[in-house]
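Fold and geometry: a report
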Amino acid sequence: MSTIWQGRLDGEELLYHRLFQRVKEERNYDNIAAGDFALHGFAVDEGVRRNKGRQGAKDAPDVIRKNMSNFPVILPDFSLLDFGNLTCEDGNLENAQNNLAKNVSKVLLKGGKSLVLGGGHEVTYAHYLGVKTAFPEQKIGIINIDAHFDNRQPENGVGPSSGTGFWQIAQEGPINSLHIGIQRNSNTLKLFDTAHQHGMKYILADELFFENLTSIYQRIDELLDNVDYAYLTICMDVFNASIAPGVSAAAYNGIFADAAFMHFYRHILKNKKLVALDVAEVNPSFDIQDRTARLAACLVNEWLMM
């Protein structure tokens, strides 16, 4: 791992610190203190394969780590523990998801904050399951920044995939979710109908502009005010291909990480109920100059330094 967490060394004093100087490689969950960030890499894209997407996202966690390494640390008591990568053996996606869920649950029960670097968006069901395992009697709110609902019913003989996470979650009881960045040309009428049937709220990509921030804030707060804990998942294919070319399914009319986006994104991150965050679908095989990985790293860093 030491070959991944590297950066510019300006000095050893706290004022000089960059992220790579503050990361601790860890394997013992008992060493997590309240408020610590605990990082897992979900080096898995079996769900993308099943969903007929472009494979390669399993290689993303370490690339994102490298792009995180050089960010300055602006909080004196910041702590990030890296628990390494989970993989998918013999195509057993369900086992990989359960393994991540168990580890995430351990983090949250120790009072830590769970950060996961995907991997495909099959990470959603795994991460949510970890939160729900830790807090079984609590109401969990999910914010999904994505062009897709990912609420497709699993195909017979194929099983769960990167596109079925929210359908799986909905089968376990009432779902409290808000999907931001939904594209009309990326979701069939059936997927919109499924969203309506399960009460999945959404904000279309066309609605994400600066003058509409008041409405966006209101809809975010409506979700977060009525849950006990919140989980945020970001599928990088929500962004325009010019700034995020390295994804499993490129979106040529996707959104931009502009002022409007950063305003409502930071509004979510500031909420004290947020205990889990992941980024998904970065695909280094198709990236250009690490644009997508760098953007993912920046989005993660916003939470780390909030």
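Since the model is a prediction, treat every value here as computed from it, not as a measurement.

Reading guide: rules and limits
Residues numbered from 1 in each chain as written. Predicted model: local features only at pLDDT ≥ 70, side-chain atom pairs only at ≥ 80, totals over all residues. Heavy atoms only, no water. Pairing = 2+ DSSP bridges. Helix = DSSP H or I, 4+ residues; strand = E, 2+ residues; numbered from the N terminus. Axes fitted to C-alpha atoms, helices over the stretch in contact; angles between N-to-C directions. Contact = heavy atoms within 4.5 Å. Buried < 20%, exposed > 50% of the residue type's maximum accessible area, 1.4 Å probe, protein only. Parallel < 35°, antiparallel > 145°, perpendicular 65-115°, else oblique. Left-handed = near helix turned anticlockwise from the far one by under 90°. Nonpolar A, V, L, I, M, F, W, Y, C, P; charged D, E, K, R; others polar. UniProt positions renumbered as here; feature names shortened; annotations may be inferred. 1 Å grid on protein atoms, 1.4 Å probe; cavity = no way out; pocket = protein on both sides within 12 Å on 5 of 7 lines; lining within 4 Å. Points joined across faces, edges and corners; volume = space filled by probe spheres on them. Phe/Tyr/Trp six-rings, centres within 6.5 Å; stacked < 30°, edge-to-face > 60°. Lys NZ or Arg CZ within 6 Å of the ring centre and 35° of its normal.

Focus on the sheet that holds strand β4 (residues 113-118)
- With respect to topology, nine strands assemble into an open sheet ordered β1-β3-β2-β4-β9-β8-β5-β6-β7, the strand pairing being parallel. Whereas interior strands pair on both sides, the edge strands pair on one side only; in this sheet they are β1 (23-25) and β7 (201-204). Strand-to-strand, the axes of this sheet are offset by a mean angle of 20 degrees, without reference to chain direction.
- With four bridges joining them, β4 and strand β9 (residues 274-280) adopt parallel strand pairing. The partner of L115 across the bridge, within β9, is L277.
- Each of β2 (37-43), β4, β5 (140-145), β8 (229-235) and β9 touches helix α5 (residues 123-134); the most contacted strand, β9, lies at about 165 degrees to it.
- Sheet strands touched by helix α10 (residues 291-304): β2, β3 (80-87), β4, β8 and β9. Its angle to β9, the strand with the most contacts, is close to 170 degrees.

Observations concerning the pairing of β2
- Taking burial as the measure, the seven residues of β2 include seven buried ones, the bulk of the element.
- By the alternation rule, side chains of β2 split into F37, L39, G41 and A43 and A38, H40 and F42, which are all buried.
- In terms of strand pairing, β2 meets β3 through six bridges, oriented parallel. Following the sheet pairing, L39 is matched in β3 by D82.
- When β2 meets β4, the two strands line up parallel, connected through six bridges.

Thoughts on the packing of helix α4 (residues 93-109) against α5
- The N-to-C vectors of α4 and α5 enclose an angle of 40 degrees; their axes lie 7 Å apart at closest approach. Compared by their axis directions, α4 and α5 come out oblique. Judged by the sense of rotation from one axis to the other, the crossing of α4 with α5 is right-handed. Seen from α4, the contacting residues are Q97, N98, L100, A101, V104, S105, L108 and L109; seen from α5, they are V123, Y125, A126, H127, L129, G130, V131, T133 and A134.
- The residue makeup of the contact of α4 with α5, split by class, is 11 nonpolar, six polar and no charged.

A closer look at the UniProt feature "binding site: Mn(2+) 2" (unreviewed entry) in the protein chain
- According to UniProt, the feature "binding site: Mn(2+) 2" (unreviewed entry) maps to D146, H148, C235 and D237 in the numbering used here. Judged by maximum C-alpha separation, these annotated positions cover 92 residues in sequence but sit close together in space, the widest gap being only 8.7 Å. Looking only at the residues we just named, the largest pocket is lined by D146, H148, C235 and D237.
- For D146, the position within the fold is in the loop between β5 and α6 (165-170).

What to know about the packing of helix α9 (residues 259-269) against α10
- In contact at an axis separation of 10 Å, α9 and α10 are set at 45 degrees when each is read in the N-to-C sense. Accordingly, the angle class assigned to the pair α9 and α10 is oblique. The handedness of the crossing between α9 and α10 comes out as right-handed. Facing F261, M262, Y265, R266 and L269 of α9, the residues of α10 in contact are L299, V300, E302 and W303.
- When grouped by side-chain class, the residues that make up the contact of α9 with α10 number seven nonpolar, no polar and two charged.

Things to note about empty space enclosed by the protein
- In the structure shown here, the tally under the stated rule is one cavity of 30 Å³ or more.
- A volume near 50 Å³ is recorded for the largest cavity.
- What lines the largest cavity is R50, N51, R152, Q153, P154, E155, V158, G159, S161 and T164.

Brief notes about the packing of aromatic side chains
- What the rule picks out here adds up to 10 aromatic pairs.
- With a centroid separation of 6.1 Å and 40 degrees between ring planes, the pair formed by F37 and F78 is classed as tilted. Of this pair, F37 sits in strand β2 while F78 sits in the loop between α3 (60-68) and β3, placing them 41 residues apart in sequence.
- Taken together, the ring pairs in this structure connect F239, F261, F264 and Y265 into an aromatic cluster.
- The residue whose ring lies beneath R54 is F286, and the NZ or CZ to ring-centre distance is 3.9 Å.

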